[in-house]
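Results of the structural survey
If you want the building blocks of each chain, they are given just below.
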Amino acid sequence: MTLWDQINQPVTYAVPFFLLAIAIEAWSLRTDRQERVGYDRTDARNSLIMGSVSVLINGAAKCVAILGYAVLYVHAPWHLNPHNPLSWIAVMVAVDLLWYIYHRMSHRIRLIWAAHQVHHNSRYFNYATALRQKWNPWFELLIWTPLPALGVPPWMLFTAWSANLIYQFWVHTETIARLPGWFEFVFNTPSHHRVHHASDEEYLDKNYGGIFILWDRIFGTFRAETFRPTYGLTKDIDSTNVFTLQYYEFGALWRDLRSTKRIRDWLGYTFGPPGWEPQCFREPTEAR
C-alpha cells in the first residue's frame, strides 16, 4: 500500500457515493423543493472544484504531516494496538473530540476562520456544499498531534479522520428532517448541521460536533433547529470566483492589520473572533 493510499484511501473510495448522492438529491429537489434552497449550477460547480483541488492539496499536506506524526509516534511512551477493537473506538472518539475543539476554534479565532469560512460561504445547503473544502489545512493538521504523541499509529489516525469526514457528508442536506430522538441526542444530524451553517443570529456559532453532537451538549454550544435557517455568511462574499471565495477573508484580515500600528490591535484582529474591532470603533461582536 502506498503512502497516498494510507492517507486518502477511505475518502477516495467514498467519492463515487458522494457524486451519486449529489445527483439523487439534485433530482429530488428539482421535482419537489418544498421551499428548500436546492441547487445553483454555478455554486455547485464551485463546490465541486474546491473539493477536487482540496483532495490534492490536503493529500500533499498529509504526506508532509505524516513525517512529523511518525516522529511523535516513535517517541510515544506506548503504542496503541490497532488490532484491538477498543483501540479503534477510543481513537474515533478522540478524533471527534479534537475535531470539536478545532471546529470551535475555527469559528472563534479569525486567522483560522479565514481558512475555514469557505465551507460556509455558500448560500445553499446540499451535498455539494459538503465538498466545499478549504485549501489551507495547516492548523487542522496540527490539532491531531496529541494522538501520535500518545501512541496512535499515523495510518490509524488518518483512517479515523477520513471516517469522520465521510460521516459528515450526509448531514449536509435539507431533504432529511428529524431522526429518532435518541439518535438526534447522541449524533450529529442534518437538523443539527443546518443550524451550524446558518447565518441567523440565533444560530451563530452552534453545533460544532462532527460525529457526536454530545460535545455541544456538554460544552454548551448546542442549539436545536426551531426555524428554517438562512445559509451563508453574515456578510456574504459577492463573487463566484473560487480563489476569491477561498482567500477573501485573508485579504480582509491583511487590510485590517495594515490599518493600525498597535500590537494590541494586530493581536485582536488576528486571534480575536470574526467581527472584532478595536475599542475605539465599537465593542467586539459575536458576528462572523
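A short tour of the structure in this document, coming up.

About the criteria used
- Residues numbered from 1 in each chain as written.
- Predicted model: local features only at pLDDT ≥ 70, side-chain atom pairs only at ≥ 80, totals over all residues.
- Heavy atoms only, no water.
- Helix = DSSP H or I, 4+ residues; strand = E, 2+ residues; numbered from the N terminus.
- Expected span 1.5 Å × (residues − 1).
- Bend = angle between axes of the 7 residues up to and from the residue.
- Polar contact = N/O pair within 3.5 Å; in protein donor to acceptor, adjacent residues only side chain to side chain.
- Core = buried A, V, L, I, M, F, W, Y, C linked by side-chain atoms within 4.5 Å.
- Buried < 20%, exposed > 50% of the residue type's maximum accessible area, 1.4 Å probe, protein only.
- Contact = heavy atoms within 4.5 Å.
- Salt bridge = Lys/Arg side-chain N within 4 Å of Asp/Glu carboxyl O.
- Lys, Arg positive; Asp, Glu negative; His and termini not counted.
- Phe/Tyr/Trp six-rings, centres within 6.5 Å; stacked < 30°, edge-to-face > 60°.
- Lys NZ or Arg CZ within 6 Å of the ring centre and 35° of its normal.

Next up on the list: helix α2 (residues 41-74). Taking 1.5 Å of rise per residue, the 34 residues of α2 would be expected to cover 50 Å, and the 48 Å separating its terminal C-alpha atoms lies within 8% of that figure. Largest kink in α2: about 25 degrees, centred on Ala65. Here α2 starts with a cap whose side-chain oxygen sits 3.2 Å from the backbone nitrogen of Thr42, and that cap is Asp40.

Turning our eyes to something else, we now look at the nonpolar core. Grouped together as the largest cluster of nonpolar side chains are 22 residues, with contacts concentrated most on Tyr69, Val95, Trp144 and Leu157. Going through the elements one at a time, α2, α3 (85-108), α6 (138-143) and α8 (154-169) are the ones with two or more residues in this core. Beyond its immediate chain neighbours, meaning those up to four positions away, Leu157 contacts Tyr69, Val95, Trp144, Leu147, Pro148 and Val152. If you look at the next biggest cluster of nonpolar residues, it comprises 10 residues, including Ala14, Ala128, Ala130 and Phe169.

Evaluation of the coordinates by the stated rule reveals 10 salt bridges. The salt bridge involving Arg194 is made with Glu225; its shortest N-O contact spans 2.9 Å. Of this pair, Arg194 sits in helix α10 (residues 190-196) while Glu225 sits in the loop between α11 (214-219) and α12 (242-258); the two residues are 31 residues apart in sequence, bridging distant segments of the chain. Judged by its relative accessible area of 6%, Arg194 is buried. Salt bridges here are not isolated pairs; linked through shared partners, they connect Arg110, Glu249 and Asp256.

For the rest of this paragraph, the subject is the side chain of Asp216. As for its placement among the helices and strands, Asp216 is situated in helix α11. No salt bridge is formed by the buried Asp216; the nearest opposite charge belongs to Arg104, separated by 6.9 Å. A polar contact of 3.4 Å, which involves the side chain of Asp216, links it to the backbone nitrogen of Asn207. With near-sequence residues (within four places) excluded, Asp216 lies in contact with Tyr100, Lys206, Asn207, Tyr208, Gly209, Thr221 and Phe222.

Before going further, it helps to spend a moment on α12. Between its first and last C-alpha, α12 extends 25 Å over 17 residues, near the 24 Å set by a 1.5 Å rise per residue. Helix geometry: α12 is bent most strongly at Tyr248, by close to 50 degrees. For α12, the complete set of buried residues consists of Val242, Leu245, Gln246, Glu249, Ala252, Leu253 and Leu257. The elements touched by buried residues of α12 are α2, α4 (110-116) and α13 (263-271). The N-terminus of α12 is capped by Asn241, whose side-chain oxygen sits 2.8 Å from the backbone nitrogen of Phe243.

Our next topic: the packing of aromatic side chains. Scanning the entire structure with this criterion turns up 22 aromatic pairs. A centroid spacing of 6.0 Å and a plane angle of 80 degrees characterise the contact between Tyr100 and Tyr208, whose relative ring orientation is edge-to-face. Separated by 108 residues along the polypeptide, Tyr100 in helix α3 and Tyr208 in the loop between α10 and α11 bring together distant segments of the chain. Clustering of aromatic rings is evident, with ring pairs tying together Tyr167, Trp170, Trp182, Phe183, Phe187 and Phe212. Over the face of the ring belonging to Phe222 we find Arg217, whose NZ or CZ atom lies 4.0 Å from the ring centre.

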